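An overview of the molecular structure
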Amino acid sequence: MNRWAVEAYDLVKTYGNGKVRVYALRGVDLKVKQGEIVSIVGPSGCGKSTLLNILGGIDKPTIGRVFVCGEDVTAMNEAELAHFRLKKIGIVFQFFNLIPTLTALENVELRLAASGCGNGVRKDKACELLARVGMNGKEGRKPSELSGGEQQRVAIARALANNPAVVLMDEPTGNLDSITAKDLITMIDKLNAQGQTFVIATHDSSVKESTDRVITMRDGVVIDG
Amino acid sequence: MKGSHKEKEGRTFEVIKSSLTLPYSLELSMALRNLVRRKIRSILATFGVVIGITTMVTLSAVSNGMSSQMVGWVRSFMGSDLVVTHTDSETFSIQENIPEDLVKRISSIDGVTSLTAELDNAATVGEVRTLVRGIRPVEELRGLTLVEGVNLLESPYDMLVGVDLKRECSLRVGDTVKISSPHSAKEFRVVGVFQSQSSLLDRAVIIRLETAQELFRAKNLVSLILVDVREPKMINEIKRQIEGLTGGVKVIRQDAIIKTIQQGKDLLETFLLSVSSISLIIAGVGIMNTMFMSMVERKREIGILKAIGLSRTQIVKIFLLESILIGVFGGLIGVLLGSIFSKAIEYVSLNYLGTSLFVSLNWGILSFGFILALLCASVFGLYPSWRAASLSPMEALRYE
């Protein structure tokens, strides 16, 4: 069994073409063990989000390779990437990004449904996931009827649907007050106890302190960690 | 090498399987809520389909009614090789008549085997304005089947009613009904019920020719003479002889009528199909526009769906279902309004315009209208849905 949940080799990401090229990543190497909680820190524009997007198969690197649980993400076609994101990766965004027309339960159900989970089982699983993030009793509420912290919990429950090997979080506390952010960190610790790997891009020092390892980035390269 | 060929095959199957499975209940509720979220736009797109389908159903029902009415007319003359009418008579107009003595003169022509004289006019039967036809001999019920009662053999004031008129006026054999023409009114007794292949005749009344002449003050006049000829090769010769008997009449061959009707029907159908197609294309462009606007507004949502792992097929299904729902609603309302308008046209034509334009609405037209709405919505919704699903997740997520 591969002991690395995430492996990235010599990742380069550039934007633009011709004479004007902007380097978002300049040769990033990274390894994250299974079950590890890693935070990626660094100033805005240092490439944290770009790195997370590439690890999650949302974006492609210009050069370099990424393996998640031993599978070469960079070699996958569009359909395989969608399936990979569905089964292996959970993503939590800074702005929650819930589907506004769906309830909390349906937002979680959607990911389960996409992987072919049957109606009855799907509802039970979604309820269980929402209960794990402390959202029981609010399953029928739409995102507009939830606070920022609650929306982020639903987003985490959605990310955990299908039991992904790796959960990627991009500034998960960026839009939360300090108390809610603290609750979220405690929750991540609890969830990690069940063996999931967390890679968290953050500016928040309290998040950074609660992780197993801190990777520091600057100008598209890893300078520490 | 990471994984064997077999593992790769298994993974591909999993990818295909998961890309197809998304329960319709969830997709349907997403599609419905998105339509409700953009109410005005959804209503306008649906309205486009409604206009297209209403036009299509109404025009088809009218054209179908007209052609079946005409074909019914012709079929009711089946067995007669020639039809003699007034020169100015168009499509068996009920205004122009010819002298009755022509019947005797035609019967003396060698080769003529049988003749039927008819007088058609509009009258009010009970409360309903409809066609009243006088015939002689009464034994010759050409193209009609007596389904109840007996033929007009006894009293001059006996009548036969068409099955539709019987239903409409709740008539029974033995009932007495007043028939009023602009000139006189008489009580008639229903002695039988007939069925024909013409919706017009099924709503008509048949009486004796002499009684009809009295009722309409058309003494010694008839509308039509139906002539049977011994051998088909004699038709042209007899036609020429009849035309030579007197002026002011025209003699039409049965096959010529059928051919003309068929040509007219084909022409009308082509025209109506073009009109319906144009309105449906306009409706389709409306749907496409709505779906493109929706795609642009929901770019970020598409990015989220892609980021959480939904496949291209699943996203196409979500968007396509929205346009199909527009088609379903538009189709249902269109079919309903089309039926109402068709019936209204028939009602106005019969009761206010004094014409007898019958519409023919059937499940074929209604289902065709509904299926066309679905097809139009699916075809015009497919491209925007495909464009939405083809967005890269990064591009979509960056959209503000």
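As the structure is a prediction and not an experimental result, all values here were calculated from the model. (Residues numbered from 1 in each chain as written. Chains lettered and ligands numbered in written order. Predicted model: local features only at pLDDT ≥ 70, side-chain atom pairs only at ≥ 80, totals over all residues. Heavy atoms only, no water.)

This next bit is on the overall build of chain B. Counting its regular elements, chain B contains 12 helices and 12 strands. The buried share among the 400 residues of chain B stands at 48%. Restricting the contact set of chain B to residue pairs at least 6 apart, pairs at least 24 apart contribute 80%. For chain B, the exposed area adds up to about 18900 Å²; of that, 62% sits on carbon and sulfur atoms. (Helix = DSSP H or I, 4+ residues; strand = E, 2+ residues; numbered from the N terminus. Buried < 20%, exposed > 50% of the residue type's maximum accessible area, 1.4 Å probe, protein only. Contact = heavy atoms within 4.5 Å. Areas by Shrake-Rupley, 256 points an atom, 1.4 Å probe, with all protein chains shown as cover.)

Structurally, the position occupied by Leu280(B) is in helix H8 (residues 254-297). Beyond its immediate sequence surroundings of up to four residues, Leu280(B) is in contact with Gly52(B), Ile53(B), Leu372(B) and Cys376(B).

Moving on, we get to the pairing of strand E7 (residues 166-170) of chain A. Residues and elements named next belong to chain A. Burial analysis of E7 places 5 of its 5 residues in the buried class, which makes it a mostly covered element. The alternating pattern of E7 places Val 166, Leu 168 and Asp 170 on one face and Val 167 and Met 169 on the opposite face, and all of these are buried. With 4 bridges joining them, strand E6 (residues 89-92) and E7 adopt parallel strand pairing. Bridging from a neighbouring strand, Ile 89 pairs with Val 166 of E7. Inspection of the sheet shows E7 paired to strand E8 (residues 197-201) by 5 bridges, in the parallel sense. (Pairing = 2+ DSSP bridges.)

In this section: the side chain of Glu100(B). With respect to the helices and strands, Glu100(B) occurs in the loop between strand E2 (98-99) and helix H4 (101-107). Ignoring any residue separated from it by four or fewer positions in sequence, one finds Glu100(B) in contact with Arg136(B), Leu209(B), Gln213(B), Asn220(B), Leu221(B) and Val222(B).

Sheet strands line up and pair through hydrogen bonds in the backbone, either parallel or antiparallel. Residue and element names in this part refer to chain A. The strand order across the open sheet formed by 4 strands is E2-E1-E4-E5, and the pairing between neighbours is antiparallel. This sheet does not close on itself; its edge strands, each paired only once, are strand E2 (22-33) and strand E5 (71-72). Pairing analysis gives 9 bridges linking strand E1 (residues 4-15) to E2, with the strands arranged antiparallel. Of the residues in E2, the one forming a bridge with Leu 11 is Val 28.

Turning our attention to helix H4 (residues 119-132) of chain A. All names here are of chain A. Between its first and last C-alpha, H4 extends 20 Å over 14 residues, near the 20 Å set by a 1.5 Å rise per residue. For H4, the full list of buried residues reads Arg 122, Ala 126, Leu 129 and Leu 130. Along H4, the residues classed as buried sweep out an arc of 95 degrees about the axis, all on the same side. Set apart from the buried face of H4 by more than 90 degrees, the exposed residues are Asp 124 and Glu 128. Positive phi appears at Gly 134, one or two residues downstream of H4, with a value of about 75 degrees. (Expected span 1.5 Å × (residues − 1). Arc of directions from axis to C-beta.)

Residues and elements named next belong to chain B. Among the surface-exposed residues, Leu 28, Leu 32, Phe 329, Leu 332 and Ile 333 lie close enough to one another that they form a single nonpolar patch of about 400 Å² accessible area. Elements with a contribution of two residues or more to the nonpolar patch: helix H2 (24-37) and helix H10 (312-351). Overall, Leu 32 belongs to the partly exposed group, its relative accessible area being 34%. (Patch = residues over 30% accessible without salt bridge, like charges linked within 9 Å, V, L, I, M, F, W, Y side chains within 5 Å. Salt bridge = Lys/Arg side-chain N within 4 Å of Asp/Glu carboxyl O.)

A word on the interface of chain B and chain A. Each partner contributes residues to the interface: chain B has 33 residues there, and chain A has 35 residues. Of the roughly 2900 Å² buried between chain B and chain A on both sides combined, carbon and sulfur atoms contribute 60%. Of all residues in chain B, Leu26(B), Arg33(B) and Ile308(B) bury the most surface against chain A, accounting for 20% of the area lost on that side. In this structure, the salt-bridge partner of Glu78(A) is Lys306(B), at a minimum N-O distance of 3.2 Å. Between the two partners, chain B and chain A, sit 8 residue pairs in polar contact (both at pLDDT 80 or more). (Buried area = accessible area lost by both parts, 1.4 Å probe. Polar contact = N/O pair within 3.5 Å; in protein donor to acceptor, adjacent residues only side chain to side chain.)

Further remarks concern the pattern of salt bridges. All names here are of chain A. The final tally for this structure, using the stated rule, is 32 salt bridges over all chains. A salt bridge links Asp 59 to Lys 13, with the shortest nitrogen-to-oxygen separation between them at 3.4 Å. Within this pair, whereas Asp 59 is found in the loop between helix H1 (48-55) and strand E4 (63-68), its partner Lys 13 is found in strand E1, the two being separated by 46 residues in sequence. Both residues of the pair, Asp 59 and Lys 13, belong to the buried class. With its nearest N and O atoms 2.3 Å apart, the salt bridge here joins Asp 72 to Arg 65. According to the relative accessible area criterion, Asp 72 is buried, its value standing at 13%.

This next bit is on the confidence of the model for chain B. Averaged over all residues, the pLDDT of chain B equals 84, while 88% of them reach at least 70. Both scores are available for the predicted complex, with the pTM at 0.68 and the ipTM at 0.89. (pLDDT = per-residue confidence, 0-100.)

Residue and element names in this part refer to chain B. The set of residues buried in helix H7 (residues 235-245) consists of Ile 235, Ile 238 and Ile 242. For H7, the buried positions fall inside an angular range of 70 degrees around the axis, keeping them on one side. Within H7, the exposed residues directed more than 90 degrees away from the buried face are Arg 240 and Gly 244. At its buried positions, H7 is contacted by strand E1 (82-86), H4, strand E3 (112-125), strand E11 (224-229) and strand E12 (249-253).

Once that is clear, we can look at the packing of aromatic side chains. Residue and element names in this part refer to chain B. Taken as a whole, this structure holds 3 aromatic pairs over all chains when the rule is applied. Seen from their ring centres, Phe 292 and Tyr 383 are 5.7 Å apart, and the 70 degrees between their planes marks the pair as edge-to-face. One end of the pair, Phe 292, is in helix H8; the other, Tyr 383, is in helix H11 (residues 363-390), and 91 residues separate them in sequence. Of the residues examined, Phe 292 reaches a relative accessible area of 23% and is grouped as partly exposed. (Phe/Tyr/Trp six-rings, centres within 6.5 Å; stacked < 30°, edge-to-face > 60°.)

Residues and elements named next belong to chain A. Taken together, the 6 strands give an open sheet; going across it, the order is E6-E7-E8-E3-E9-E10, and neighbouring strands pair in mixed fashion. On the outer flanks of this sheet lie E6 and strand E10 (221-224), each paired with one strand and no other. Taken over all neighbouring pairs, the strand axes of this sheet differ in orientation by 25 degrees on average, direction set aside. Taken strand by strand, helix H5 (residues 148-160) contacts E6 and E7, and its axis lies near 170 degrees from that of E6. (Axes fitted to C-alpha atoms, helices over the stretch in contact; angles between N-to-C directions.)

Attention shifts here to the confidence of the model for chain A. Of the residues in chain A, 99% reach a pLDDT of 70 or more, and the chain-wide mean stands at 89. Mean pLDDT values for the elements of chain A range from 82 in helix H6 (residues 178-192) of chain A up to 94 in E4(A).

Geometrically, the link from Arg136(B) to Pro137(B) is a cis peptide bond, its omega value of -5 degrees lying close to zero. Note that Pro137(B) resides in the loop between strand E4 (128-136) and strand E5 (145-149). Despite not being glycine, Asn97(A) has its phi angle at roughly 50 degrees, a positive value. Structurally, Asn97(A) can be placed in the loop between E6 and helix H3 (104-114). Even without being glycine, Ser170(B) reaches a positive phi, approximately 50 degrees. Mapped onto the fold, Ser170(B) is located in the loop between helix H5 (163-168) and strand E7 (176-180). Residue classification places Ser170(B) among the exposed positions, given a relative accessible area of 59%.

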